[in-house]
Amino acid sequence: MFYELGIAHAFRRNVLLLTQTIEEVPFDLRPYRFLEYNTHFARIEDAREKLKSYAQGCRGGSIDFGSPVTDFVPTDDLPLPASTTNSADVRSISSEHFAEEGTEEEEAPGYLDHQIALHEGNERIFGILNAFTTNLQTLTQYIEDATVEVNTIGSNPTTSSTRAARSVFRRLAGRISDFSSKLRKANTEYGDILEETEGSLEQIVAFLLENPYTSVSELDDFNKQLESIEQPAAEAKTGCLSFADSMASLPKIERRLNRAVAFGSEELRVMATNIDRTAASIGRARQRINYQAK
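Residues numbered from 1 in each chain as written. Predicted model: local features only at pLDDT ≥ 70, side-chain atom pairs only at ≥ 80, totals over all residues. Heavy atoms only, no water.

## Concerning the pattern of salt bridges
Phase 1 of the analysis: All chains considered together, the criterion is met by 14 salt bridges.
Phase 2 of the analysis: Ionic pairing is found between aspartate 220 and lysine 224, a salt bridge with its closest N-O pair at 3.4 Å. Residue aspartate 220 and its partner lysine 224 are both found in helix α7 (residues 216-248); the two are separated by 4 residues, about one turn of the helix.
Phase 3 of the analysis: With a relative accessible area of 35%, aspartate 220 lands in the partly exposed category.
Phase 4 of the analysis: The salt bridge partner of arginine 269 is aspartate 245, with a shortest N-O separation of 2.6 Å. Taken together, the residues arginine 269 in helix α8 (residues 255-293) and aspartate 245 in helix α7 connect sequence positions 24 residues apart.
Phase 5 of the analysis: With relative accessibility at 33%, the residue arginine 269 sits in the partly exposed group. (Salt bridge = Lys/Arg side-chain N within 4 Å of Asp/Glu carboxyl O. Helix = DSSP H or I, 4+ residues; strand = E, 2+ residues; numbered from the N terminus. Buried < 20%, exposed > 50% of the residue type's maximum accessible area, 1.4 Å probe, protein only.)

If you want it as structure tokens, here you go:
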């Protein structure tokens, strides 16, 4: 697989990796486009829609797939893909067609537009992560309270102890399900924001590196801004996976609780993937900046 991937990257082909878990993607390929899919019925439609959007972005040239080759090898030294001319012709024909229909072609965003989009996107991501942290702390307290309550019931057993314990577990299951439902919405929003901010980040880095007037201090300042986000993101991912593992290791003690725990663990792993993508995207940008500065 990696042999074919290397050839595709060498010829600047757009490549989209498909995987069921980000952990299967080598760390040095995670900054590039990949689609994590899940065969669960609630997730497969999301993957289908995202694959469709990638295909449309590829065809229209609105998505930059990138690769280690295009990041670090001068464009003049790269072989041109055979389809370059055809793709340009298709875009030209499409533009003429829309012009005939009287539809104005939307202008591409500029450097400042991408800066604002990146800043606003990061603010929204931080808002999502802050809300997630608050909800996680609340859920943790619910779990601790439920544990104390069940232990109390167990220390004074009666004929109704089993029913009482089940009632506690079912109440906890409802709270875990509520947490997971909120997290699913947050994950969907996070994924959409990532699509926007990744593209803006790539455009900003390309502008800074290709602009002959960009100073070393400007590159250094931007690099430090990215570094201030990269480390917290990595720590958040670790905490997210740790909690997901803790939930997954809970004993299968009650049907509703089991279902709620499985739901929560899945959404926590999706959040971890989103955070990992954030860190990987930033890591790629910093690598390119550091490489250029040498």
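## What about a nonpolar patch on the surface?
Phase 1 of the analysis: A cluster of nonpolar side chains, namely Tyr3, Ile7 and Phe11, defines an oily patch on the protein surface of about 340 Å² accessible area.
Phase 2 of the analysis: Secondary-structure assignment places phenylalanine 11 in the loop between α1 (2-10) and β1 (17-19).
Phase 3 of the analysis: Look at phenylalanine 11 and you get partly exposed, because its relative accessible area is 40%. (Patch = residues over 30% accessible without salt bridge, like charges linked within 9 Å, V, L, I, M, F, W, Y side chains within 5 Å. Areas by Shrake-Rupley, 256 points an atom, 1.4 Å probe, with all protein chains shown as cover.)

## Quick look at the confidence of the model for the protein
Phase 1 of the analysis: Overall, the predicted model of the protein reaches an average pLDDT of 82, with 86% of residues at or above 70.
Phase 2 of the analysis: Confidence drops under a pLDDT of 50 for residues 82-103, and excluding neighbours within four residues, the segment shows 5 contacts in the predicted structure. (pLDDT = per-residue confidence, 0-100. Contact = heavy atoms within 4.5 Å.)

## Observations concerning the nonpolar core
Phase 1 of the analysis: Counting 35 residues, the largest nonpolar core has Phe132, Ile176, Phe179, Tyr190, Leu257, Leu268 and Met271 as its most contacted members.
Phase 2 of the analysis: Secondary structure elements with two or more residues in this core: α5 (111-155), α6 (161-210), α7 and α8.
Phase 3 of the analysis: With 12 residues, α6 is the single largest residue contributor to this core.
Phase 4 of the analysis: Aside from chain neighbours lying at most four places away, what touches leucine 257 is Phe169, Leu172, Ala173 and Ile176.
Phase 5 of the analysis: The next biggest cluster of nonpolar side chains, apart from the first, holds 13 residues, and it includes Leu118, Val205, Ile282 and Ala285. (Core = buried A, V, L, I, M, F, W, Y, C linked by side-chain atoms within 4.5 Å.)

## A word on the packing of α5 against α7
Phase 1 of the analysis: Packing of α5 against α7 brings their axes to within 12 Å, and their N-to-C directions diverge by 25 degrees. One way to sum up the angle between α5 and α7 is to call them roughly parallel. In terms of crossing hand, the pair formed by α5 and α7 is left-handed. Facing Leu118, Asn122, Phe126, Phe132, Leu136, Leu139, Thr140 and Ile143 of α5, the residues of α7 in contact are Phe222, Ile229, Cys240 and Phe243.
Phase 2 of the analysis: Residue composition of the contact of α5 with α7, by class: 10 nonpolar, 2 polar and no charged. (Axes fitted to C-alpha atoms, helices over the stretch in contact; angles between N-to-C directions. Parallel < 35°, antiparallel > 145°, perpendicular 65-115°, else oblique. Left-handed = near helix turned anticlockwise from the far one by under 90°. Nonpolar A, V, L, I, M, F, W, Y, C, P; charged D, E, K, R; others polar.)

## Considerations on the packing of α6 against α7
Phase 1 of the analysis: Viewed as axis vectors pointing N to C, α6 and α7 meet at an angle of 155 degrees, and their least axial separation amounts to 14 Å. On the basis of the axis angle, α6 is roughly antiparallel to α7. Crossing handedness for the pair α6 and α7: left-handed. Each of Ile176, Leu201, Ile204, Val205, Leu208 and Leu209 in α6 lies in contact with α7, whose residues at this interface are Leu219, Phe222, Leu226 and Met247.
Phase 2 of the analysis: Along the lines of polarity and charge, the residues of the contact of α6 with α7 split into 10 nonpolar, no polar and no charged.

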